[in-house]
Amino acid sequence: MMKTVFDRLYVLLAVVAMVFSLVACGDDDYVTGLGTTIGGADCDTSATLPTRKQGKVVGAYYYHWSSRLPNPEMVTHIFYCFAEVYVENGVYKKFALSYDNTQFDKVVALKKINPDLKVLLSFTNSQENTDHVAEGGFSDLVATDDNRKRFAQDCLDFMRANNIDGIDLDWEFPGMTFGSLKFNPVTDVDNFTLLLRTMRETFGSGFLLTYAAAPYDMRKTSDGSGWRYNDLKASLPYVDWINVMTYDLSSSESGDLGFNSALNSPNSYWDCARMLASYKSASVPFSKMVLGIPFYARHSFDGSNPPTICNYCDLRTLGSGYNVNNWSDVGSVPYVTLNGKFWGSYDNPKSIAIKGEWIHGLDADGGMRGMMYWEAGNDDAQYTLSKAVWTAVMKDY
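Residues numbered from 1 in each chain as written. Predicted model: local features only at pLDDT ≥ 70, side-chain atom pairs only at ≥ 80, totals over all residues. Heavy atoms only, no water.

Attention now moves to the pattern of salt bridges. Per the counting criterion, the structure on display carries 10 salt bridges. The closest approach of N and O atoms between lysine 182 and aspartate 140, which form a salt bridge, is 3.1 Å. Taken together, the positions of lysine 182 in the loop between strand 5 (166–170) and helix 6 (188–203) and aspartate 140 in helix 4 (residues 137–141) put the pair 42 residues apart, joining distant regions of the chain. Between aspartate 145 and arginine 148 there is a salt bridge, with its nearest N and O atoms 3.9 Å apart. With a gap of 3 residues between them, aspartate 145 and arginine 148 both fall in helix 5 (residues 145–162), about one helical turn apart. Taken together, the shared-partner salt bridges connect Asp145, Arg148 and Lys149 into one network. (Salt bridge = Lys/Arg side-chain N within 4 Å of Asp/Glu carboxyl O. Helix = DSSP H or I, 4+ residues; strand = E, 2+ residues; numbered from the N terminus.)

With that settled, consider the pairing of strand 16 (residues 370–374). Extensive coverage of strand 16 is indicated by the burial of 5 of its 5 residues. Here strand 16 shows a buried face lined by Gly370, Met372 and Trp374 and a second buried face lined by Met371 and Tyr373. Of the pairings in the sheet, the one linking strand 1 (residues 57–63) to strand 16 comprises 5 bridges and is parallel in character. Across the sheet, the residue bridging to tyrosine 61 is tryptophan 374, located in strand 16. As defined by bridge partners, strand 10 (residues 289–294) adjoins strand 16 across 5 bridges and the pair is classed as parallel. Directly across from isoleucine 293, in strand 16, lies its bridge partner tyrosine 373. (Buried < 20%, exposed > 50% of the residue type's maximum accessible area, 1.4 Å probe, protein only. Pairing = 2+ DSSP bridges.)

Take the side chain of aspartate 380 next. Tracing the chain through its elements places aspartate 380 in the loop between strand 16 and helix 10 (384–394). Despite its burial, aspartate 380 pairs with no opposite charge, the nearest such side chain being arginine 68 at 6.4 Å. A polar atom in the side chain of aspartate 380 sits 2.9 Å from the backbone nitrogen of glutamine 382. Polar contacts involving the side chain of aspartate 380 include one to the main-chain amide nitrogen of tyrosine 383, which spans 2.9 Å. (Lys, Arg positive; Asp, Glu negative; His and termini not counted. Polar contact = N/O pair within 3.5 Å; in protein donor to acceptor, adjacent residues only side chain to side chain.)

Take helix 9 (residues 349–360) next. Residues spaced three or four apart along an α-helix face the same direction, because each turn holds 3.6 residues. Over its 12 residues, helix 9 extends 16 Å from the first C-alpha to the last, a length consistent with the 16 Å expected when each residue adds 1.5 Å. The complete set of buried residues in helix 9 reads Pro349, Ser351, Ile352, Lys355, Gly356, Trp358, Ile359 and His360. Of the surrounding secondary structure, the elements contacted by the buried residues of helix 9 are helix 8 (272–281), strand 10, strand 13 (322–328), strand 14 (333–338), strand 16 and helix 10. Taking the backbone nitrogen of lysine 350 as reference, a side-chain oxygen 3.1 Å away marks asparagine 348 as the first, capping residue of helix 9. (Expected span 1.5 Å × (residues − 1). Contact = heavy atoms within 4.5 Å.)

Core analysis: the biggest nonpolar cluster contains 108 residues, and Phe123, Phe151 and Leu169 have the highest contact counts within it. Top contributing element to this core by residue count: strand 2 (residues 77–88), with 8 residues. Counting residues in hydrophobic clusters, the runner-up holds 5 residues, among them Phe259, Ala262, Tyr335 and Phe342. (Core = buried A, V, L, I, M, F, W, Y, C linked by side-chain atoms within 4.5 Å.)

Here you go:
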């Protein structure tokens, strides 16, 4: 039962994230810092931000429908979402930004404010553009050497023409599908690695290459005929790091206290500690792990009892009967109750600080590479969570 629930975790994720990113939080009239009202009185966000540490990553996924841009002084990297690949009859044709260039141009312009900021274009396997007909997607794209080479060259040309710094691939996931797109569990995982190799050979060392991955290594399909997810170890020579999606790990559908992104939680299907064990077993070094932080509370996945999620900036609007100021010492996360019953969990400055201390304490060299979050537009007007992530990654421990 638990496996069945978790296998649904990503089914509606792209759609749900898109819908809730459309909710503009506006100029919220919250108490400055939000820590005193969302997540408890000990969530202090008033401290001066620590200085940047070279090599550390604070990455913000920014979805183009979001009204609030990331604060360029609180991130090292922005992953602009999304670009779509066009494949017809198994042949790669082109890629295009979802919707139009308006928000993309605004994100790239942030580099004028922070010259050290890096911008990456993130690719999705879904379709949003009206001229984009669902067909082969990534599975067909990666299937031939010619497709891989032409896509890699198009990416290189785009980066050079638009003054951006890298490419991020968000194929969820090789060897499986959540819609009608083609997939091949026999070849997808290996072909994705071949795509990464081709892209690195094409880019050289001058551009970044990352991908978003599930919080565990590749797994056999239920019938044993193939593989799903990513071959983490095989990808390591080609990528700068892996953005580990340590969110949507469980929900209220998993039973009492099924946490969205717990540090350690036996009642959740998965947690950050088990992610670490899986990645270590795949020989992924800490320097190539970037921990994912959700900027939303996860309630459910099936959509039968909306809302399925609530953005951080909207937690105060949940209404009568909701209490957002609960804390789990087991999961090290805050959570929401509805009429006294567990509704869903989220992250706040306190939980982010605990995760920051955890990732830094993993080894003597500073632990994981950093943190990233989905999605920048879900933060409040004071950038409460953005500040918390920056501090968790950059502070001295």
